[in-house]
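One-letter residues, chain by chain:
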Amino acid sequence: MPQAPFNPPWFVRKDLDGFFGLMIDNLIQLILIVTLCRELIHLPDEYIFGKILPGAAISILVGNFFYAWQARRLARETGREDVTALPYGINTVSLFAFVFFIMLPIVQETKDPVWAWKVGLVACFLNGVIEIAAAFIAESVRRVTPRAALLSALAGIAITFIAMDFTFKIFAQPLVAMVPMAVIFIAYFSHQKLPLGLPGGMMAIAIGTILGWALGKMNGAAVTAHYSFSLPSFTGGSLWEALTHPAFLNYFSVIFPMGIFNVVGSLQNIESAEAAGDRFRTFPSLMANGIGSVVAALFGSVFPTTIYIGHPGWKRLGARSGYSALNGIFISFLCLTGTIQSVLGLIPLEAGIGILLYIGIIIVAQSFQETPKEHAPAVALGIVPALAGWGLLMVETGLRAGGKSLFEVGLARFNQESLAIHGMISLERGFIFTSMILAAIGVALIERRFASAGVWSLAAALFSAVGIIHAYDLTAAGITSRFGIMAAPEFAAAYFLLALLFFAVGLLARRQ
């Protein structure tokens, strides 16, 4: 008799852990959207809750269901039950870039937040188009890039912008957050079965919620916050109006590099999933990601979506495909009903961020565990640029807390205190590309492939010359990337000299 086809379950119990963690992560993005659009852009609530969030709901729902389906398909093809869907949601980096470097300058210049929203639609739309176009060549790029180069950049982001950020939040509220964090560690470091077989993430959030209410950290008034149901509406007319207006070209220097940034980040996350055991096809993964951003823009959202960092962590939690579908349903419900504040009034963020800390730790560990042992120095080298990005964020945050800005203080003051601030900013600009290139050079040198190291150095010289890495301007609005011909000439020349050195050493090595 023919064997029945393998049909994996739609939902497993550990999907609850993955759902709670991914839901908290997505919830943070929604809070940022509401806060920044209200406070900085002064966008009316009818645009935030009537257009942006419903548009985001479509992209998040469809995207999460696609990646859940993709995971089930891979499970059926391989006969495995342990396939984990790629995590998906709103892109945090693009969120900040589009708000601070596109929408905010437009509001400051025109005093028209609605026009800023329309140009934001163009930015989101073109971001998706770039990712769709890159889907056709991305697999070739992935094949020639060492795994250490792809994973080290993720490790740098994980140890700084994920692990450190959430660690600070946990230790800021120790009575509420540390016990849930410990429950996560017990469940997933020790693999200890919890009472009644409950998932660790579910129990951590339950304990954190009880502690938050018992210690008086919660405000019950937020639970009864007003909400209204808003269906997505087609905004192609507003998108076309801004797309046919030459004003958006002023911000193409932000839109294009952010699109490339998102493509590279998606590639790294696909490679990270493969290192964890789940080999997803690059083309459909990127294509779905790009289509999600295009659809979001057509229905009112100005924020592109992306494949999230953290697949190995969700896999270690035991999540499969159901967590992705659950997240899509729940986050879409929040977006369509405007009940974000109500959820925050019920569940403290500190109750769930221990899960995200765990995800960050696993990503860092994977970058060393899933690459050849001899490549460890290259991985460590690739982490350094992300540390520069984190350090610059701390500097700028501290200055804002004191009522100052980096522009007002000036770079010379930092040099007097022996902090090479110019080097920090230069390394921070385009750090995800710099991480990949430095790690790739490190791998090539470890393997004595000097010509390969020279080629990567030439790539860095080109990126420096056009401003993708290292080039910046310090303005009153903040640090911005400088694009153009010979945007960072000293770095272009330095990398070119490195290339000559590596090629010369390669010739010498062959002669010897």
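Placed above this text is the structure.
Student: Which parts of the structure should I look at to understand helix H22 (residues 489-511)?
Tutor: Every α-helix winds through 3.6 residues per turn, so residues three or four apart in the chain are directed the same way. For H22, which comprises 23 residues, the first-to-last C-alpha distance of 33 Å matches the rise-based estimate of 33 Å (1.5 Å per residue) to within 8%. Those residues of H22 not exposed but buried are Ala492, Tyr495, Ala499, Phe502 and Gly506. Where the residues of H22 are buried, they touch helix H20 (431-446) and helix H21 (450-466).

Student: Where do I start with unusual backbone geometry in this structure?
Tutor: Most of the time, phi is negative for any residue but glycine, and the peptide bond is trans. One non-glycine residue, His191, lies in the positive phi region at around 55 degrees. Examined against the element boundaries, His191 turns out to sit in the loop between helix H7 (174-188) and helix H8 (200-214). The phi dihedral of Met486 is positive, around 55 degrees, even though this residue is not glycine. In this fold, Met486 is placed in the loop between strand S4 (478-481) and H22. Classification of Met486 as partly exposed rests on a relative accessible area of 42%.

Student: I would appreciate a short explanation of the environment of Phe229 in the present structure.
Tutor: When you line up the elements, Phe229 lands in the loop between H8 and helix H9 (236-243). Phe229 gets classed as exposed once you look at its relative accessible area, which sits at 55%. Along the sequence, Phe229 and Gly389 sit 160 residues apart, while their C-alpha atoms lie 39 Å from each other. What Phe229 contacts, discounting residues up to four positions off in sequence, is Leu336 and Thr337.

Student: Got a minute to help me understand the pattern of salt bridges in this structure?
Tutor: Close approach of charged atoms allows side chains of opposite charge to pair. Applying the stated criterion to the full structure yields 14 salt bridges. Measuring nitrogen to oxygen at the nearest pair gives 2.9 Å for the salt bridge that ties Lys118 to Glu241. Placement of Lys118 in helix H4 (residues 113-134) and of Glu241 in helix H9 is noted, with a sequence separation of 123 residues between them. Judged by relative accessible area, which is 38%, Glu241 ranks as partly exposed. Between Lys315 and Asp278 there is a salt bridge, and its shortest N-O distance comes to 3.1 Å. With Lys315 in helix H12 (residues 311-317) and Asp278 in the loop between helix H10 (252-275) and helix H11 (282-298), the pair connects residues that are 37 residues apart, well separated along the chain. With respect to class, Lys315 is no different from Asp278; both count as buried. Salt bridges sharing partners connect three or more residues here, namely Arg80, Asp82, Asp278 and Lys315.

Student: Honestly, the pairing of S4 in this entry has me stumped. Any pointers?
Tutor: Walk down a regular strand and you will see the side chains alternate between the two sheet faces. Looking at chain direction, strand S3 (residues 472-475) and S4 are connected through four bridges and run antiparallel. If you follow Tyr472 over to S4, its bridge partner there is Ser481.

Student: Please clarify how the nonpolar core should be interpreted in this entry.
Tutor: If you look at soluble globular proteins, the nonpolar side chains tend to sit buried side by side. Leu30, Ile33, Ile102, Phe303 and Trp314 are the most contacted members of the largest nonpolar core, which totals 138 residues. Considering each element in turn, this core owes the most residues, 13 residues, to helix H1 (residues 15-39). Those residues in contact with Ile33 that lie beyond four places of it in its chain are Ile52, Leu53, Ile90, Leu95 and Phe303. Counting ten residues, the second largest nonpolar core, distinct from the first, contains Leu392, Phe414, Ile421 and Ile479.

Student: Please clarify how the packing of helix H16 (residues 376-401) against H20 should be interpreted in this entry.
Tutor: Viewed as axis vectors pointing N to C, H16 and H20 meet at an angle of 160 degrees, and their least axial separation amounts to 8 Å. Classified by the angle between their axes, H16 and H20 sit roughly antiparallel to one another. The two elements H16 and H20 cross, and the hand of that crossing is right-handed. Residues Pro377, Ala378, Leu381, Gly382, Pro385 and Ala386 of H16 pack against Phe431, Thr434, Ser435, Leu438, Ala439, Gly442, Val443 and Ile446 of H20. Tallied by class, residues from the contact of H16 with H20 come to ten nonpolar, four polar and no charged.

What counts as what
- Residues numbered from 1 in each chain as written.
- Predicted model: local features only at pLDDT ≥ 70, side-chain atom pairs only at ≥ 80, totals over all residues.
- Heavy atoms only, no water.
- Helix = DSSP H or I, 4+ residues; strand = E, 2+ residues; numbered from the N terminus.
- Expected span 1.5 Å × (residues − 1).
- Buried < 20%, exposed > 50% of the residue type's maximum accessible area, 1.4 Å probe, protein only.
- Contact = heavy atoms within 4.5 Å.
- Salt bridge = Lys/Arg side-chain N within 4 Å of Asp/Glu carboxyl O.
- Pairing = 2+ DSSP bridges.
- Core = buried A, V, L, I, M, F, W, Y, C linked by side-chain atoms within 4.5 Å.
- Axes fitted to C-alpha atoms, helices over the stretch in contact; angles between N-to-C directions.
- Parallel < 35°, antiparallel > 145°, perpendicular 65-115°, else oblique.
- Left-handed = near helix turned anticlockwise from the far one by under 90°.
- Nonpolar A, V, L, I, M, F, W, Y, C, P; charged D, E, K, R; others polar.

Interpretation note: all reported values are geometric properties and have no functional meaning in isolation.
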